[in-house]
Amino acid sequence: MSKDSKKSLQDLKEVTNQASELAKSIWLAGLGAYGRAYDEAHDRYEKASKETPRLFTDLVDKGSRLESQAREKLGEVTSLGKTVSIEERISKMRASLGFGHTASSDDMQRLEKKLDALSKKVDALAKANQTVAAKAPAAAKAAAPKAAAPKAKAVRKAPAKKAAAKAE
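Residues numbered from 1 in each chain as written. Predicted model: local features only at pLDDT ≥ 70, side-chain atom pairs only at ≥ 80, totals over all residues. Heavy atoms only, no water.

**Student:** Where do I start with the overall build of the protein in this structure?
**Tutor:** A tally of helices and strands in the protein yields three helices and zero strands. In the protein, which comprises 168 residues, the proportion classed as buried is 1%. (Helix = DSSP H or I, 4+ residues; strand = E, 2+ residues; numbered from the N terminus. Buried < 20%, exposed > 50% of the residue type's maximum accessible area, 1.4 Å probe, protein only.)

**Student:** Can you walk me through the pattern of salt bridges in this structure?
**Tutor:** A pair can form between side chains of opposite charge whenever their charged atoms are brought close. The final tally for this structure, using the stated rule, is four salt bridges. For Arg-36, the salt bridge identified is with Glu-40, shortest N-O distance 3.6 Å. One end of the pair, Arg-36, and the other, Glu-40, are both in helix α1 (residues 3-83), four residues apart, so they sit about a helical turn from each other. By relative accessible area, which is 59% here, Arg-36 ends up exposed. The shortest N-O distance in the salt bridge between Arg-71 and Glu-67 comes to 3.2 Å. Here Glu-67 and Arg-71 lie together in helix α1, a separation of four residues that amounts to about one turn. (Salt bridge = Lys/Arg side-chain N within 4 Å of Asp/Glu carboxyl O.)

**Student:** Would you explain a nonpolar patch on the surface in this entry?
**Tutor:** Together, Trp-27, Leu-28, Leu-31, Tyr-34 and Tyr-38 make up an exposed nonpolar region whose accessible area comes to about 640 Å². Structurally, the position occupied by Tyr-38 is in helix α1. (Patch = residues over 30% accessible without salt bridge, like charges linked within 9 Å, V, L, I, M, F, W, Y side chains within 5 Å. Areas by Shrake-Rupley, 256 points an atom, 1.4 Å probe, with all protein chains shown as cover.)

**Student:** Looking at this model, I keep getting lost on the confidence of the model for the protein. Mind explaining?
**Tutor:** As a general rule, the predicted coordinates of low-pLDDT regions are not to be interpreted in detail. The share of residues in the protein with pLDDT of 70 or more is 74%, and the mean pLDDT across the chain is 79. When the elements of the protein are averaged for pLDDT, helix α3 (residues 105-167) gives the smallest value, 73, and α1 the largest, 86. (pLDDT = per-residue confidence, 0-100.)

**Student:** Before we go on, may I ask you to explain helix α2 (residues 86-97) in this structure?
**Tutor:** Owing to its 3.6 residues per turn, the α-helix aligns residues three or four sequence positions apart on the same side. Relative to the 16 Å expected for 12 residues at 1.5 Å per residue, α2 spans 17 Å between its end C-alpha atoms, a close match to the ideal helical length. The buried count for α2 comes to zero of 12 residues, which makes it a mostly uncovered element. Backbone geometry just downstream of α2 places Gly-98 in the positive-phi region, at approximately 90°. (Expected span 1.5 Å × (residues − 1).)

So, in structure tokens, the structure goes:
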């Protein structure tokens, strides 16, 4: 073998060794990253497991306080319902708005009087209308000759229009 071929073979072995060392370093770096992530996760898990009972008791205490507040509010609503029923509250609201007003006998008498007065006025208007209707035929007879004259003019104009239409 020649000197050049021995040198190329050595260079090739050296490059291969360097590549192997680099690959091994990359592998070890990945393994180290995995180990570090595992250690951090394990530490966080231990810390969380130590805090969990305290967190749980805090949540139970908060829930107890909220439950007692809810029971107090429920008691207030229940006691309010006992003093004033919903039906009473609705009737008060209707009365304040003017709904549900039952008519008294005075109201009925007042309405009957108004109805009687209106009936009299309607009767009076009906009689006046009959009087005007009876006088209307006499007035129509007097107005009849005046109405006939315009009709004659209308008859005269109609043939003129027909003649103009035929000329076109």
